[in-house]
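The residues making up each chain are set out below.
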Amino acid sequence: MAEIALELDIAAPRAVVLAALTTHDGLTSWWTTDVEREDDVLLFGFPGVPEPFRLRRERTGPDRVVWTNAGAFPPHWAGTWISWDLADRPDERGEPGHRTRLLLRHGGWQPGSEEGVPMVAGTWAQLVVRLKDYAQSGKAQPLFTKGGHHHAP
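Residues numbered from 1 in each chain as written. Predicted model: local features only at pLDDT ≥ 70, side-chain atom pairs only at ≥ 80, totals over all residues. Heavy atoms only, no water.

### Notes on the overall build of the chain
Under the convention used in this document: In DSSP terms, a helix is any run of H or I states spanning at least four residues, a strand is any run of E spanning at least two, and both are numbered starting from the N terminus. This radius of gyration counts C-alpha atoms alone. The globule rule is 2.2 Å times how many residues there are, raised to the power 0.38.
Tallying secondary structure elements over the chain gives 3 helices and 9 strands in all. Secondary structure elements of the chain occur, N-terminal to C-terminal, as β-α-α-β-β-β-β-β-β-α-β-β. Over its C-alpha atoms the chain spans a radius of gyration of 15 Å, differing by no more than 12% from the 15 Å that the globule rule assigns to 153 residues. Counting only C-alpha atoms, the chain reaches 45 × 35 × 30 Å along its principal axes.

So this is what it looks like as structure tokens:
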């Protein structure tokens, strides 16, 4: 079964990265400006997409965030899950707490849906770079805005 895995170091404390993954302001600063919430389900809207992606928050802790697909759209995401593992990394001087290692995994792809994995992996690659840039600079640059796709990094 296919799985997407992307790992990178972010020059920001884990609490900053966690906030980018778990708060409305955080999510709208690097992913999409169209984020809503219904209880434990996050709704991510995208330009030109007929309905939002629905992701249920299964776990939110200081070292791991897990979402499961909770909607019928997009169909190739049926049964998938997304996990974000966070770990402290020492900085250049060996001081802890100033850097975060982030491991994104998107798995649970059902047979027949694997053809969409390369495109999704490419989008996740763009998104984690924006997440990193936002966590390090505090400057919001979502990949998707209500007005369309935002291309400038």
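Having seen the model, we can carry on.
### Some points on the sheet that holds strand β3 (residues 41-45)
Let me state the cut-off plainly: Paired strands are those between which DSSP finds at least two bridges. Simply put, an axis is a line fit to the C-alpha atoms, just over the touching stretch for a helix, and the angle between two N-to-C directions goes from 0 to 180 degrees. Contacts are residue-level and defined by heavy atoms, with any inter-residue pair within 4.5 Å sufficient.
Spatially, the 7 strands line up as an open sheet ordered β1-β7-β6-β5-β4-β3-β2, and their pairing is antiparallel. Only two strands of the sheet have a single partner each, and these edge strands are β1 (4-10) and β2 (34-38). Looking at each pair of strands side by side, their axes are set apart by 20° on average, direction ignored. Pairing of strand β6 (residues 81-89) with strand β7 (residues 99-107) involves 9 bridges; the strand directions are antiparallel. Within the sheet, the bridge partner assigned to A87 lies in β7 and is R101. Together, β1, β4 (53-60), β5 (64-69), β6 and β7 form the strand contacts of helix α1 (residues 14-22), whose direction differs from that of β6 by roughly 165°. The strands that helix α3 (residues 117-137) touches are β1, β6 and β7; relative to β1, the one it contacts most, it runs at about 15°.

### Comments concerning α1
The criterion, for reference: Accessible area is worked out with a 1.4 Å probe on protein chains only. A residue is then buried under 20% of its type maximum, exposed over 50%, and partly exposed in between. Summarising the geometry, the arc corresponds to the directions from the helix axis toward the C-beta atoms.
By the burial criterion, the buried members of α1 are V17, L18, A20 and L21. Axial view of α1: buried residues confined to an arc of 155°, hence all on one face. Next to the buried residues of α1 lie β1, α2 (24-30), β5, β6, β7 and α3.

### With respect to the pairing of β7
Residues in a regular strand point their side chains to alternate faces of the sheet. Alignment of β1 against β7, held across 7 bridges, turns out to be antiparallel. Paired with L8 across the two strands is L102, which belongs to β7.

### Examining unusual backbone geometry
Of note, the bond from F73 into P74 is cis; its omega dihedral lies within 30 degrees of zero at -5°. Checked against the element boundaries, P74 lands in the loop between β5 and β6. The residue D39 is not glycine, and still its phi comes out positive at about 55°. Mapped onto the elements of the fold, D39 is located in the loop between β2 and β3.

### Comments concerning the pattern of salt bridges
Rules: What makes a salt bridge here is a side-chain nitrogen of Lys or Arg within 4 Å of a carboxyl oxygen of Asp or Glu, nothing more.
Considering all chains together, one arrives at 8 salt bridges under this definition. A salt bridge links D88 to R14, with the shortest nitrogen-to-oxygen separation between them at 3.0 Å. In this pair, D88 is assigned in strand β6 and R14 in helix α1, connecting sequence segments 74 residues apart. For D88, a relative accessible area of 40% puts it in the partly exposed group. Across the pair R57 and D40 runs a salt bridge whose closest N-O atoms are separated by 3.8 Å. Of the two residues, R57 is situated in strand β4 and D40 in the loop between β2 and β3; the sequence distance between them amounts to 17 residues. Residue classification places D40 among the partly exposed positions, given a relative accessible area of 40%.

### Some points on the confidence of the model for the chain
In regions of low pLDDT, the predicted coordinates are not meant to be interpreted in detail. Note the cut-off: A residue's pLDDT is the predictor's confidence in that residue, given on a scale from 0 to 100.
Of all residues in the chain, 92% attain a pLDDT of 70 or more, and the chain-wide mean is 91. Mean pLDDT values over the elements of the chain span from 62, in strand β9 (residues 148-149), up to 98, in β5.

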